[in-house]
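Here are the chains, one letter per residue:
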Amino acid sequence: MYRELAKAAFGYPIIDNHAHPFLKSKHRDSVRYEVLISEAHGDALDDTVHTLPCLRAAAQLSQLFGLTGDDATWEGVKKKRLEFDYAELCKLCMEPTGIQCILFDDGLGGIAEMAEDLNWHDQYTGNPSKRIVRLEVEGQNILQDILVANDDSPLSIDSLWGEFLKEFTTCMNDAAVDDRVVGYKSVACYRTGLDVDPAPCSADELFKCLASASQQFKEKGSIRFEHKALNDHLVKIVLDIAGKCKKPIQFHTGLGDNEITLTKSSPAHMQPIIKAFPDTIFVLLHSSYPYTRDAGYLTSVYKNVYLDFGEIFPFISADAQRTVVRQVLELAPTNKILWSTDAAWWPERFYLATAQAREVIYEVLAGFVGKRDLTEHQAVSIVKMAFFENANRIYMLGLQPNVNILSPHL
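The text that follows walks through the structure, step by step, so that each part is easy to find. (Residues numbered from 1 in each chain as written. Predicted model: local features only at pLDDT ≥ 70, side-chain atom pairs only at ≥ 80, totals over all residues. Heavy atoms only, no water.)

Scanning the chain for helices and strands turns up 16 helices and 8 strands. For a compact globule of 410 residues, the expected C-alpha radius of gyration is about 22 Å, and the chain comes in at 21 Å, within 12% of that figure. Burial analysis of the chain (410 residues in total) assigns 58% to the buried set. Counting contacts in the chain only where the partners sit at least 6 residues apart, residues at least 24 apart contribute 80% of the total. Split by element, the accessible area of the chain, about 17200 Å² in all, is 50% carbon and sulfur. Here the chain holds 41 positive side-chain charges and 55 negative ones, and the gap between their average locations is 5 Å. (Helix = DSSP H or I, 4+ residues; strand = E, 2+ residues; numbered from the N terminus. Rg over C-alpha atoms; globule rule 2.2 N^0.38 Å. Buried < 20%, exposed > 50% of the residue type's maximum accessible area, 1.4 Å probe, protein only. Contact = heavy atoms within 4.5 Å. Areas by Shrake-Rupley, 256 points an atom, 1.4 Å probe, with all protein chains shown as cover. Lys, Arg positive; Asp, Glu negative; His and termini not counted. Charge placed at Lys NZ, Arg CZ, Asp CG, Glu CD.)

Here is the structure:
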């Protein structure tokens, strides 16, 4: 074992640059537990228990929960976790993570109704939580509020567009000067694909999209922006604002559920929009799996592109995780890689993600040191940059690493 590398990999503090809030105690069972280790939904979740990620998660959580023998199974874990007081469960899972600060995207569906406020999580970290603003959700909420407010006397489409554009731009500019907000996020990948067109959208196109969204609200009582011209236009507004205020914008790339069109989820589609906004920091989320090499390439040739190697922990097998981390390091500058849990709903996700990531980054870097591709000192530096320093810099957090955050656990 490489002593200094192990000390860093298993003990250095982490800035989790993308996660989602915990469920409140009263909602701890409101989401199917298999979501812990899969992006699948509905009946497809039934097969998740037969995957390598599930078997590994069951073994790791069984050890954490003190399960042995025939009880150390996925069903055993599900049963045991219900015996814990929720606060006890959260503490048990979070204390060993070494997470010093979490950047929360609170725009995931169900969070407003079922999840804790962002600063509730501060009891488990050394520094206050920060917010990432999901632009499409903010836009949907703004349009819905305008439509409700003008229900008795509907606005003309051009007046509606003018009011919506003004309020959306104001909201994004307010986020730019909000100290609690450290970045933006787009889920264009889920909606209309990552091929965001840098060219201006015509007024006719935008009016048609807005009319369609308004009709959707009239029929369903809710809005989901999945209109290409409108989505692209809003992304470009925020890219401009983000570039001026120097707050990064995260993009969901790759790994997701069945609402994604896989062929449009590679960040390679983003090359034109990256070129069009050279002053804006792009963060490619979720390792862009299975398009990690595409993301690494972009990170290497564009100064303003960074790569997050999160979500693969615990969603893919251990061997695949090692492969992805190696692919990240093939080409991406190590001062431009970040890490996140992409955890949502339960503290177990934070535990699994950090435990697996620490193990994998040690194994991969130790392999490089053993082959003399790196010195141990260089490998330690990569761990510190990936887990803490790079995120601290680009999100302008101004934190000092608490290097003793895990000393009782080492």
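So that's the structure; there's more coming.
Let us now look at unusual backbone geometry. Going from tyrosine 289 to proline 290, the amide bond is cis rather than trans, its omega being 5 degrees. Mapped onto the elements, proline 290 comes out in the loop between β6 (282-284) and α12 (292-301). Cis peptide bonds are those with omega within 30 degrees of zero, and the linkage from phenylalanine 313 to proline 314 qualifies with 10 degrees. If you trace the backbone, proline 314 turns up in helix α13 (residues 312-315). Positive phi values are uncommon outside glycine, yet lysine 246 reaches one of about 65 degrees. When you line up the elements, lysine 246 lands in the loop between α10 (228-245) and β5 (249-251).

Considered as a void within the structure, the largest pocket measures approximately 760 Å³ in volume. For the lining of the largest pocket, the secondary structure elements donating two or more residues are α6 (135-149) and α8 (188-191). Considering each element in turn, the lining of the largest pocket owes the most residues, 4 residues, to α6. Its residues assigned to classes, the lining of the largest pocket comprises 12 nonpolar, 12 polar and 11 charged. (1 Å grid on protein atoms, 1.4 Å probe; cavity = no way out; pocket = protein on both sides within 12 Å on 5 of 7 lines; lining within 4 Å. Points joined across faces, edges and corners; volume = space filled by probe spheres on them. Nonpolar A, V, L, I, M, F, W, Y, C, P; charged D, E, K, R; others polar.)

Let's shift gears to the pairing of strand β4 (residues 181-186). Within β4, 6 of the 6 residues are buried, which leaves the element mostly enclosed by the surrounding structure. Pairing of β4 with β5, which is carried by 3 bridges, proceeds in the parallel orientation. Counterpart to tyrosine 184 in the pairing with β5 is isoleucine 249. (Pairing = 2+ DSSP bridges.)

Moving on, we get to the pattern of salt bridges. A complete count under the given rule lists 23 salt bridges for this structure. In this structure, aspartate 46 and arginine 32 form a salt bridge, with 2.7 Å as the shortest nitrogen-oxygen distance. You can see aspartate 46 sitting in the loop between β1 (14-19) and α2 (52-65) and its partner arginine 32 sitting in the loop between β1 and α2, a full 14 residues away along the chain. In this structure aspartate 46 comes out as partly exposed when scored by relative accessible area, which is 41%. Notably, a salt bridge pairs glutamate 95 with lysine 91, separated by 4.0 Å at the nearest N-O pair. Lysine 91 gets classed as partly exposed once you look at its relative accessible area, which sits at 46%. Salt bridges here are not isolated pairs; linked through shared partners, they connect Arg32, Glu34, Asp46, Glu75 and Lys78. (Salt bridge = Lys/Arg side-chain N within 4 Å of Asp/Glu carboxyl O.)

Attention now moves to the packing of aromatic side chains. Under the counting rule described, the total for this entry stands at 16 aromatic pairs. Between tyrosine 12 and phenylalanine 388 the ring centres are 6.3 Å apart and the planes differ by 85 degrees, which places this aromatic pair in the edge-to-face class. Taken together, the residues span a long stretch of sequence, with tyrosine 12 in the loop between α1 (3-11) and β1 and phenylalanine 388 in helix α16 (residues 376-394) at a distance of 376 residues. Taking relative accessible area as the criterion, tyrosine 12 reaches 9% and is therefore assigned buried. In this structure phenylalanine 388 comes out as buried when scored by relative accessible area, which is 1%. (Phe/Tyr/Trp six-rings, centres within 6.5 Å; stacked < 30°, edge-to-face > 60°.)

Counting residues in each nonpolar core, the largest one holds 126 residues, and the members touching the most others are Phe164 and Tyr184. When residues in this core are grouped by element, the largest group, 13 residues, is from helix α15 (residues 347-370). With near-sequence residues (within four places) excluded, phenylalanine 164 lies in contact with Gly139, Ile142, Leu143, Ile146, Leu210, Phe225, Leu230 and Leu234. Ranked by size, the runner-up nonpolar core spans 17 residues in total, among them Ile132, Leu338, Phe388 and Leu399. (Core = buried A, V, L, I, M, F, W, Y, C linked by side-chain atoms within 4.5 Å.)

This next bit is on the side chain of arginine 28. Structurally, arginine 28 can be placed in the loop between β1 and α2. Leaving out residues up to four positions away in the same chain, arginine 28 has contacts with Leu23, Arg81, Leu82, Phe84, Asp85, Tyr86, Leu89 and Trp346.

Once that is clear, we can look at the sheet that holds β4. Strands belonging to one sheet form pairs held by backbone hydrogen bonds; the direction of such a pair is parallel or antiparallel. Taken in spatial order, the 8 strands make up an open sheet running β1-β2-β3-β4-β5-β6-β7-β8, and their pairing is parallel. With partners counted over all chains shown, the strands left at the sheet margins are β1 and β8 (337-338), one partner each. Relative to β6, β5 runs parallel, the two being bridged by 3 bridges. Of the residues in β6, the one forming a bridge with isoleucine 249 is phenylalanine 282.

This next bit is on the packing of helix α7 (residues 157-176) against helix α9 (residues 203-220). Close contact between α7 and α9 brings their axes to 10 Å; oriented N to C, the two are set at 90 degrees. With respect to α9, the element α7 is oriented roughly perpendicular. The segment α7 lies against α9, with Ile157, Asp158, Leu160, Trp161 and Phe164 engaging Leu206, Phe207, Leu210, Ala211 and Ser214. Classifying every residue of the contact of α7 with α9 gives 8 nonpolar, 1 polar and 1 charged. (Axes fitted to C-alpha atoms, helices over the stretch in contact; angles between N-to-C directions. Parallel < 35°, antiparallel > 145°, perpendicular 65-115°, else oblique.)

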